[in-house]
Amino acid sequence: MDSVFAWLKVDSYLEFWWVAFGLFGQLLFTGRFLVQWIASERAKRSVVPIAFWYFSISGGIILLAYAIYRQDPVFILGQSMGLFIYLRNLWLIRVERRLDT
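Since the model is a prediction, treat every value here as computed from it, not as a measurement.

Considering the nonpolar core
Formed by F29, F52, W53, I57, L63, L64, L83, Y86 and L90, the largest nonpolar core amounts to nine residues. For this core, the secondary structure elements donating two or more residues are α3 (50-70) and α4 (73-100). It is α3 that provides the largest number of residues to this core, a total of five residues. Beyond its immediate stretch of four places on either side in the chain, F52 contacts R32, F33, V35 and Q36.

Shown next as structure tokens:
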């Protein structure tokens, strides 16, 4: 386990689990692009499915928690702004769907 700790640049199991948590958040965040790409390929046009925004929020929350733990102000600011945008897009989708019914 020492070589894994060295590779991840962590000194304790707490830091190890935070890095694992952060990596999971990054996987979710990256997964949103796969979701968008697959939806666009199927539609043969550019599409942003609602799952994109849920992946964005899930990954963004996890990455924000990780950034706060690591006390990285650049990362904290970036994720905070992103979360606002993702939530706003979901709200706009919700309002639009309500108006359509």
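Section: the confidence of the model for the chain
Taken over all residues, the pLDDT of the chain has a mean of 93, while the share at 70 or more is 100%. Confidence, expressed as mean pLDDT per element, reaches its minimum in the chain at helix α1 (residues 2-8) with 90 and its maximum at α3 with 95.

Some points on the environment of L8
Following the sequence through the fold, L8 ends up in helix α1. Its relative accessible area of 18% is what places L8 among the buried residues. As for L8 and D72, which are separated by 64 residues in sequence, their C-alpha atoms are 17 Å apart. Setting aside anything within four residues of it in sequence, one finds L8 in contact with F16 and V19.

Brief notes about α3
An ideal rise of 1.5 Å per residue puts 30 Å on 21 residues; α3 measures up with 30 Å between its terminal C-alpha atoms. Residues of α3 that are buried: F52, W53, S56, I57, G59, G60, I62, L63, L64, Y66 and A67. For α3, the secondary structure elements touched by its buried residues are α2 (13-43) and α4. Trailing α3 by a residue or two, Q71 shows a phi angle of about 55 degrees, which is positive.

Some points on unusual backbone geometry
Of note, the phi angle at K9 is positive, near 60 degrees, even though the residue is not glycine. A residue is classified by how much of its surface remains accessible, and K9, at 67% relative accessible area, is exposed. Positive phi, close to 55 degrees, is recorded for Q71, a residue that is not glycine. Position of Q71 among the secondary structure elements: in the loop between α3 and α4. For Q71, a relative accessible area of 66% translates into the label exposed.

About the thresholds
Residues numbered from 1 in each chain as written. Predicted model: local features only at pLDDT ≥ 70, side-chain atom pairs only at ≥ 80, totals over all residues. Heavy atoms only, no water. Core = buried A, V, L, I, M, F, W, Y, C linked by side-chain atoms within 4.5 Å. Buried < 20%, exposed > 50% of the residue type's maximum accessible area, 1.4 Å probe, protein only. Helix = DSSP H or I, 4+ residues; strand = E, 2+ residues; numbered from the N terminus. Contact = heavy atoms within 4.5 Å. pLDDT = per-residue confidence, 0-100. Expected span 1.5 Å × (residues − 1).

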